[in-house]
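# Residue-level structural notes
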Amino acid sequence: MDTAVVPAESDASGALGDDRWRVLFRSGAVAAMISALFIPIQIVVFLASDPPLDGTAGDWFALLAHDRLVGLIDLDLLLVADNVVLIPILLALFVVLRRTQASVMLLATAFGLSSVALYIATNPAVGMASLADAYARAPTGAERASALGAAETLLATWQGTGFHAAYLLGSIAGVAIGAVMLRSGAFGRPTGYLMILGNAVGLGLYVPAVGVYISVFSVLFLEVWYVLVAVRLLALGRAAAVTKHPSVVS
(Lines give C-alpha, C1' and ligand atoms only; values in the text may rest on other atoms or scores of the structure.)
Protein backbone atom coordinates (compact mmCIF):
# COMPACT_ATOMS: atom_id res chain seq x y z
CA MET A 1 0.00 0.00 0.00
CA ASP A 2 1.41 3.38 -0.99
CA THR A 3 1.30 6.26 1.42
CA ALA A 4 1.31 9.97 0.70
CA VAL A 5 1.81 12.94 2.92
CA VAL A 6 -0.85 15.64 2.63
CA PRO A 7 1.12 18.78 1.79
CA ALA A 8 0.80 22.05 3.59
CA GLU A 9 -1.29 24.73 1.90
CA SER A 10 0.64 26.94 -0.47
CA ASP A 11 -0.20 30.04 -2.49
CA ALA A 12 1.05 32.02 -5.45
CA SER A 13 3.23 34.23 -3.27
CA GLY A 14 5.38 31.26 -2.33
CA ALA A 15 4.40 31.63 1.33
CA LEU A 16 4.17 27.95 2.16
CA GLY A 17 2.55 26.64 5.28
CA ASP A 18 5.73 26.84 7.33
CA ASP A 19 5.73 25.99 11.03
CA ARG A 20 8.28 28.74 11.67
CA TRP A 21 5.52 31.30 11.02
CA ARG A 22 2.56 29.48 12.59
CA VAL A 23 2.48 31.61 15.75
CA LEU A 24 2.90 34.81 13.74
CA PHE A 25 0.08 33.92 11.34
CA ARG A 26 -2.27 33.07 14.19
CA SER A 27 -1.27 36.18 16.14
CA GLY A 28 -1.92 38.29 13.06
CA ALA A 29 -5.33 36.65 12.59
CA VAL A 30 -6.33 37.33 16.20
CA ALA A 31 -5.06 40.92 15.92
CA ALA A 32 -7.10 41.45 12.74
CA MET A 33 -10.24 40.15 14.47
CA ILE A 34 -9.62 42.50 17.41
CA SER A 35 -9.32 45.45 15.04
CA ALA A 36 -12.51 44.39 13.25
CA LEU A 37 -14.26 44.41 16.65
CA PHE A 38 -12.90 47.83 17.64
CA ILE A 39 -13.88 49.62 14.42
CA PRO A 40 -17.69 49.63 14.90
CA ILE A 41 -17.26 50.65 18.54
CA GLN A 42 -15.16 53.64 17.50
CA ILE A 43 -17.63 54.69 14.81
CA VAL A 44 -20.69 54.44 17.06
CA VAL A 45 -19.06 56.38 19.92
CA PHE A 46 -17.69 59.04 17.57
CA LEU A 47 -21.02 59.64 15.84
CA ALA A 48 -23.11 59.48 19.03
CA SER A 49 -20.97 61.65 21.31
CA ASP A 50 -20.18 64.61 19.02
CA PRO A 51 -16.63 65.07 20.38
CA PRO A 52 -15.26 68.64 20.73
CA LEU A 53 -12.69 68.19 17.95
CA ASP A 54 -12.26 71.96 17.57
CA GLY A 55 -12.83 72.64 21.26
CA THR A 56 -10.53 73.72 24.05
CA ALA A 57 -8.83 71.67 26.73
CA GLY A 58 -11.67 72.72 29.04
CA ASP A 59 -14.20 71.16 26.67
CA TRP A 60 -12.30 67.88 26.73
CA PHE A 61 -11.98 68.03 30.52
CA ALA A 62 -15.77 68.42 30.75
CA LEU A 63 -16.32 65.40 28.49
CA LEU A 64 -13.83 63.28 30.45
CA ALA A 65 -15.50 64.28 33.71
CA HIS A 66 -18.96 63.44 32.34
CA ASP A 67 -18.03 60.10 30.73
CA ARG A 68 -14.43 58.97 31.05
CA LEU A 69 -14.71 56.01 28.69
CA VAL A 70 -16.41 57.95 25.90
CA GLY A 71 -13.87 60.75 26.28
CA LEU A 72 -10.95 58.34 25.98
CA ILE A 73 -12.46 56.70 22.89
CA ASP A 74 -13.06 60.13 21.34
CA LEU A 75 -9.40 60.87 22.02
CA ASP A 76 -8.60 57.79 19.92
CA LEU A 77 -7.51 55.45 22.70
CA LEU A 78 -8.96 52.50 20.78
CA LEU A 79 -6.95 53.61 17.75
CA VAL A 80 -3.85 53.29 19.92
CA ALA A 81 -4.88 49.70 20.63
CA ASP A 82 -5.55 49.23 16.89
CA ASN A 83 -2.03 50.39 16.14
CA VAL A 84 -0.51 48.04 18.69
CA VAL A 85 -2.28 45.01 17.23
CA LEU A 86 -1.33 46.20 13.75
CA ILE A 87 2.26 45.17 14.49
CA PRO A 88 1.72 41.38 14.18
CA ILE A 89 -0.55 41.97 11.18
CA LEU A 90 2.15 43.92 9.33
CA LEU A 91 4.79 41.32 10.16
CA ALA A 92 2.56 38.44 9.06
CA LEU A 93 1.73 40.21 5.78
CA PHE A 94 5.42 40.80 5.15
CA VAL A 95 6.18 37.10 5.57
CA VAL A 96 3.31 36.08 3.26
CA LEU A 97 3.84 38.71 0.56
CA ARG A 98 7.61 39.19 0.53
CA ARG A 99 8.19 36.74 -2.31
CA THR A 100 5.83 38.67 -4.56
CA GLN A 101 7.66 41.98 -4.22
CA ALA A 102 10.19 41.98 -1.40
CA SER A 103 11.48 45.54 -1.72
CA VAL A 104 7.99 47.06 -1.74
CA MET A 105 6.91 44.95 1.22
CA LEU A 106 10.04 45.87 3.18
CA LEU A 107 9.42 49.58 2.61
CA ALA A 108 5.70 49.26 3.33
CA THR A 109 6.37 47.37 6.56
CA ALA A 110 8.96 49.96 7.64
CA PHE A 111 6.52 52.79 6.87
CA GLY A 112 3.74 50.97 8.70
CA LEU A 113 5.78 50.31 11.82
CA SER A 114 7.05 53.91 11.83
CA SER A 115 3.45 55.08 11.59
CA VAL A 116 2.52 52.92 14.58
CA ALA A 117 5.35 54.35 16.70
CA LEU A 118 4.55 57.95 15.79
CA TYR A 119 0.83 57.54 16.35
CA ILE A 120 1.25 56.01 19.80
CA ALA A 121 3.78 58.68 20.78
CA THR A 122 1.49 61.56 19.80
CA ASN A 123 -1.83 60.27 21.13
CA PRO A 124 -3.04 62.41 24.07
CA ALA A 125 -5.73 60.18 25.60
CA VAL A 126 -4.00 58.99 28.77
CA GLY A 127 -2.27 62.32 29.33
CA MET A 128 -5.53 64.24 28.94
CA ALA A 129 -7.27 61.97 31.45
CA SER A 130 -4.48 62.52 33.95
CA LEU A 131 -4.59 66.29 33.45
CA ALA A 132 -8.39 66.29 33.75
CA ASP A 133 -8.03 64.62 37.15
CA ALA A 134 -5.36 67.13 38.17
CA TYR A 135 -7.62 69.98 37.07
CA ALA A 136 -10.53 68.62 39.11
CA ARG A 137 -8.34 68.27 42.21
CA ALA A 138 -6.50 71.58 41.84
CA PRO A 139 -7.07 73.81 44.88
CA THR A 140 -6.02 77.06 43.19
CA GLY A 141 -6.72 78.87 39.96
CA ALA A 142 -3.04 78.85 39.10
CA GLU A 143 -2.87 75.06 39.27
CA ARG A 144 -6.00 74.74 37.16
CA ALA A 145 -4.52 77.11 34.60
CA SER A 146 -1.34 75.02 34.57
CA ALA A 147 -3.34 71.85 33.86
CA LEU A 148 -5.26 73.59 31.09
CA GLY A 149 -2.03 74.87 29.53
CA ALA A 150 -0.44 71.41 29.57
CA ALA A 151 -3.59 69.94 28.03
CA GLU A 152 -3.62 72.52 25.22
CA THR A 153 -0.05 71.48 24.44
CA LEU A 154 -1.12 67.82 24.24
CA LEU A 155 -3.99 68.71 21.93
CA ALA A 156 -1.67 70.71 19.67
CA THR A 157 0.72 67.74 19.50
CA TRP A 158 -2.19 65.42 18.71
CA GLN A 159 -2.87 67.31 15.49
CA GLY A 160 0.76 68.22 14.89
CA THR A 161 3.60 67.02 12.68
CA GLY A 162 3.92 63.61 14.33
CA PHE A 163 0.25 62.77 13.83
CA HIS A 164 0.23 63.78 10.16
CA ALA A 165 3.49 61.96 9.50
CA ALA A 166 1.99 58.83 11.09
CA TYR A 167 -1.22 59.20 9.07
CA LEU A 168 0.53 59.67 5.74
CA LEU A 169 3.09 56.91 6.34
CA GLY A 170 0.32 54.51 7.33
CA SER A 171 -1.75 55.42 4.26
CA ILE A 172 1.21 54.97 1.90
CA ALA A 173 2.01 51.62 3.52
CA GLY A 174 -1.61 50.50 3.16
CA VAL A 175 -1.83 51.39 -0.53
CA ALA A 176 1.51 49.66 -1.22
CA ILE A 177 0.47 46.49 0.62
CA GLY A 178 -2.84 46.47 -1.24
CA ALA A 179 -1.01 46.76 -4.55
CA VAL A 180 1.22 43.79 -3.68
CA MET A 181 -1.86 41.79 -2.66
CA LEU A 182 -3.28 42.33 -6.14
CA ARG A 183 -0.17 40.77 -7.65
CA SER A 184 -0.04 37.89 -5.21
CA GLY A 185 -2.14 34.75 -5.07
CA ALA A 186 -1.88 34.72 -1.28
CA PHE A 187 -4.98 36.88 -0.80
CA GLY A 188 -7.96 37.38 -3.06
CA ARG A 189 -8.01 40.45 -5.27
CA PRO A 190 -10.94 41.97 -3.31
CA THR A 191 -8.66 42.07 -0.26
CA GLY A 192 -6.11 44.12 -2.17
CA TYR A 193 -8.72 46.50 -3.56
CA LEU A 194 -10.27 47.02 -0.10
CA MET A 195 -6.86 47.89 1.35
CA ILE A 196 -6.18 50.43 -1.40
CA LEU A 197 -9.67 51.96 -1.21
CA GLY A 198 -9.66 52.17 2.58
CA ASN A 199 -6.36 54.02 2.70
CA ALA A 200 -7.11 56.23 -0.32
CA VAL A 201 -10.47 57.31 1.11
CA GLY A 202 -8.76 57.87 4.46
CA LEU A 203 -6.72 60.63 2.83
CA GLY A 204 -10.01 62.48 2.58
CA LEU A 205 -9.06 63.71 6.06
CA TYR A 206 -7.35 66.57 4.25
CA VAL A 207 -10.52 67.75 2.53
CA PRO A 208 -11.57 71.04 4.20
CA ALA A 209 -14.60 71.06 6.51
CA VAL A 210 -15.78 67.47 5.93
CA GLY A 211 -12.44 65.65 5.95
CA VAL A 212 -12.97 63.94 9.31
CA TYR A 213 -16.24 62.40 8.18
CA ILE A 214 -14.74 61.20 4.88
CA SER A 215 -11.90 59.54 6.77
CA VAL A 216 -14.39 57.83 9.10
CA PHE A 217 -16.12 56.37 6.04
CA SER A 218 -12.83 54.72 5.03
CA VAL A 219 -13.01 52.31 7.94
CA LEU A 220 -15.97 50.54 6.32
CA PHE A 221 -13.57 49.20 3.68
CA LEU A 222 -10.99 48.32 6.31
CA GLU A 223 -13.56 46.50 8.47
CA VAL A 224 -14.13 43.98 5.68
CA TRP A 225 -10.40 43.88 4.93
CA TYR A 226 -9.57 42.90 8.51
CA VAL A 227 -12.09 40.06 8.42
CA LEU A 228 -10.71 38.71 5.13
CA VAL A 229 -7.13 38.95 6.37
CA ALA A 230 -8.03 37.19 9.63
CA VAL A 231 -9.62 34.30 7.72
CA ARG A 232 -6.63 33.94 5.41
CA LEU A 233 -4.02 34.11 8.17
CA LEU A 234 -5.92 31.49 10.16
CA ALA A 235 -5.81 29.25 7.09
CA LEU A 236 -2.06 29.77 6.79
CA GLY A 237 -1.67 29.00 10.48
CA ARG A 238 -3.54 25.73 10.02
CA ALA A 239 -1.42 24.91 6.98
CA ALA A 240 1.70 25.48 9.05
CA ALA A 241 0.40 23.08 11.69
CA VAL A 242 -0.10 20.45 8.96
CA THR A 243 3.52 20.95 7.93
CA LYS A 244 4.68 20.17 11.45
CA HIS A 245 2.27 17.26 11.96
CA PRO A 246 1.50 15.89 8.46
CA SER A 247 -1.36 13.45 8.00
CA VAL A 248 -0.69 10.17 6.29
CA VAL A 249 -3.31 8.86 3.93
CA SER A 250 -3.47 5.61 2.07
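Basis of the calculations
Residues numbered from 1 in each chain as written. Predicted model: local features only at pLDDT ≥ 70, side-chain atom pairs only at ≥ 80, totals over all residues. Heavy atoms only, no water. pLDDT = per-residue confidence, 0-100. Contact = heavy atoms within 4.5 Å. Core = buried A, V, L, I, M, F, W, Y, C linked by side-chain atoms within 4.5 Å. Buried < 20%, exposed > 50% of the residue type's maximum accessible area, 1.4 Å probe, protein only. Helix = DSSP H or I, 4+ residues; strand = E, 2+ residues; numbered from the N terminus. Axes fitted to C-alpha atoms, helices over the stretch in contact; angles between N-to-C directions. Parallel < 35°, antiparallel > 145°, perpendicular 65-115°, else oblique. Left-handed = near helix turned anticlockwise from the far one by under 90°. Nonpolar A, V, L, I, M, F, W, Y, C, P; charged D, E, K, R; others polar. Phe/Tyr/Trp six-rings, centres within 6.5 Å; stacked < 30°, edge-to-face > 60°. Arc of directions from axis to C-beta.

Moving on, we get to the confidence of the model for the chain. Summing up the model confidence of the chain, the mean pLDDT is 88 and the portion of residues at 70 or higher is 88%. Note that pLDDT drops below 50 for residues 1-16; the model gives that stretch 42 contacts with residues more than four away or on any other chain.

This part takes up the nonpolar core. Nonpolar side chains tend to gather and get buried jointly when the protein is soluble and globular. Core analysis: the biggest nonpolar cluster contains 37 residues, and L93, L97, I177, F187, W225, Y226 and L233 have the highest contact counts within it. Of all the elements in the fold, those that place two or more residues in this core are helix 1 (22-49), helix 4 (77-97), helix 5 (102-122), helix 8 (161-183), helix 9 (189-202) and helix 10 (211-244). Those residues in contact with I177 that lie beyond four places of it in its chain are L90, L93, L97, M105, A108 and M195. The next biggest cluster of nonpolar side chains, apart from the first, holds 20 residues, and it includes F38, V45, V70 and W158.

Turning our eyes to something else, we now look at the packing of helix 6 (residues 125-137) against helix 7 (residues 141-158). The N-to-C vectors of helix 6 and helix 7 enclose an angle of 165 degrees; their axes lie 9 Å apart at closest approach. The orientation of helix 6 relative to helix 7 falls into the category roughly antiparallel. Regarding helix 6 and helix 7, the two cross each other, and that crossing is left-handed. In this structure, helix 6 uses G127, M128, L131 and Y135 to contact helix 7, whose residues at the interface are R144, A147, L148, A150, A151, L154 and L155. Of the residues assigned to the contact of helix 6 with helix 7, the class counts are 9 nonpolar, 1 polar and 1 charged.

This part is about the packing of aromatic side chains. Within this structure, the stated rule accounts for 8 aromatic pairs. For the ring pair Y167 and Y206, a centre distance of 6.1 Å and an interplane angle of 85 degrees mean the geometry is edge-to-face. Taken together, the residues Y167 in helix 8 and Y206 in the loop between helix 9 and helix 10 connect sequence positions 39 residues apart. Residue classification places Y167 among the partly exposed positions, given a relative accessible area of 21%. With a relative accessible area of 36%, Y206 lands in the partly exposed category.

The subject of this paragraph is helix 2 (residues 57-66). Within an α-helix, residues lying three or four positions from one another point in the same direction, as the helix has 3.6 residues per turn. By the burial criterion, the buried members of helix 2 are A57, W60, F61, L63 and L64. Down the axis of helix 2, the sector holding all buried residues measures 165 degrees, keeping them to one side. Opposite its buried face, helix 2 presents the exposed residues A65 and H66, each directed more than 90 degrees away. On its buried face, helix 2 sits against helix 3 (68-74), helix 6 and helix 7.

So, about the packing of helix 5 against helix 8. In the contact formed by helix 5 and helix 8, the axes pass within 8 Å of each other and the chain directions differ by 150 degrees. On the basis of the axis angle, helix 5 is roughly antiparallel to helix 8. Crossing of helix 5 over helix 8 shows left-handed handedness. Side by side, helix 5 and helix 8 meet where V104, M105, A108, F111, G112, S114, S115, L118, Y119 and T122 of the first sit next to G162, F163, A165, A166, L169, G170, I172, A173, A176, I177 and V180 of the second. Here the contact of helix 5 with helix 8 is composed, by residue class, of 15 nonpolar, 6 polar and no charged.

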